[in-house]
Amino acid sequence: MAKHEFGIMEKEPIIGKRYDKYEPEKYHCISVDDEQIEAIAPKLCCMDCFSHTLDIQIKGLEYCGITLIPPQAAAQFICLIGDNQSLLPLKALLQQAITKNKYVIHYGL
């Protein structure tokens with residue numbers, strides 16, 4: 001089954017730098033089944049995120065690319081997940097990122 005990967009970026013992304021390399025081990029990523037993300041994808045279109053770099057602002061997740069999720073969007077993401085029990089590990093990761101004021105990196109399919 002296809003998976004999305006989410007991890008906390010210990011260092012804040014740098015303006016002008018591209019984050020194009022697939023490095024889930026670097027960010028201690030957790031995996032989320034695609035069907036779980038697919039189920040909430042329409043709700044995510046209101047989140048302000050970045051595509052591969054802080055220079056390209058987008059709404060929602062780069063479904064097949066890399067998304068940089070700022071702390072304020074992580075808080076919104078938690079609300080959009082709602083009570084979905086299968087996404088509790090993702091909610092915990094997002095909450096940890098908010099507490100530390102860190103970005104979350106998302107690797108799409």
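Refer to the structure printed above.
Residues numbered from 1 in each chain as written. Predicted model: local features only at pLDDT ≥ 70, side-chain atom pairs only at ≥ 80, totals over all residues. Heavy atoms only, no water.

### Looking at the environment of leucine 80
Item 1. Along the polypeptide, leucine 80 turns up in helix 2 (residues 71–81).
Item 2. Expressed as a C-alpha distance, the spacing of leucine 80 and isoleucine 40, which sit 40 residues apart in the sequence, is 7.5 Å.
Item 3. Discounting chain neighbours no more than four positions away, the residues touching leucine 80 are Lys43, Leu44, Cys46 and Met47. (Helix = DSSP H or I, 4+ residues; strand = E, 2+ residues; numbered from the N terminus. Contact = heavy atoms within 4.5 Å.)

### Description of the pairing of strand 1 (residues 3–9)
Each regular strand shows side chains that alternate between the opposite faces of the sheet.
Item 1. The element strand 1 is extensively covered by neighbouring structure, given that 6 of its 7 residues are classed as buried.
Item 2. Relative to strand 2 (residues 30–33), strand 1 is paired through 4 bridges, and the arrangement is antiparallel. Across the sheet, residue phenylalanine 6 finds its bridge partner in strand 2, namely isoleucine 30.
Item 3. The pairing of strand 1 with strand 6 (residues 103–107) spans 5 bridges and is antiparallel. By the bridge assignment, glycine 7 is partnered in strand 6 with isoleucine 105. (Buried < 20%, exposed > 50% of the residue type's maximum accessible area, 1.4 Å probe, protein only. Pairing = 2+ DSSP bridges.)

### What about the nonpolar core?
Item 1. Of all hydrophobic cores here, the largest spans 23 residues; its most connected members are Phe6, Met47, Leu61, Ile69, Phe77, Leu90 and Leu94.
Item 2. Going through the elements one at a time, strand 1, helix 1 (34–40), helix 2 and helix 3 (88–100) are the ones with two or more residues in this core.
Item 3. The biggest single contributor to this core is helix 2, with 6 residues.
Item 4. Counting 11 residues, the second-largest nonpolar core is a separate cluster that includes Tyr27, Cys29, Tyr103 and Ile105. (Core = buried A, V, L, I, M, F, W, Y, C linked by side-chain atoms within 4.5 Å.)

### Thoughts on the packing of aromatic side chains
In this description, a pair of aromatic rings is defined by centroid distance and the angle of the planes.
Item 1. Summed over the entire model, instances satisfying the criterion amount to 2 aromatic pairs.
Item 2. Their ring planes at 65° and their centres at 6.0 Å tell us that phenylalanine 6 and phenylalanine 77 sit as a pair that is edge-to-face. One end of the pair, phenylalanine 6, is in strand 1; the other, phenylalanine 77, is in helix 2, and 71 residues separate them in sequence. There is no split in this pair, since phenylalanine 6 and phenylalanine 77 are both buried.
Item 3. Relative to tyrosine 107, the ring of tyrosine 22 has its centre 5.1 Å away and its plane inclined at 80°; by these criteria the two rings are edge-to-face. In this pair, tyrosine 22 is assigned in the loop between strand 1 and strand 2 and tyrosine 107 in strand 6, connecting sequence segments 85 residues apart.
Item 4. For tyrosine 107, a relative accessible area of 2% corresponds to the buried category. (Phe/Tyr/Trp six-rings, centres within 6.5 Å; stacked < 30°, edge-to-face > 60°.)

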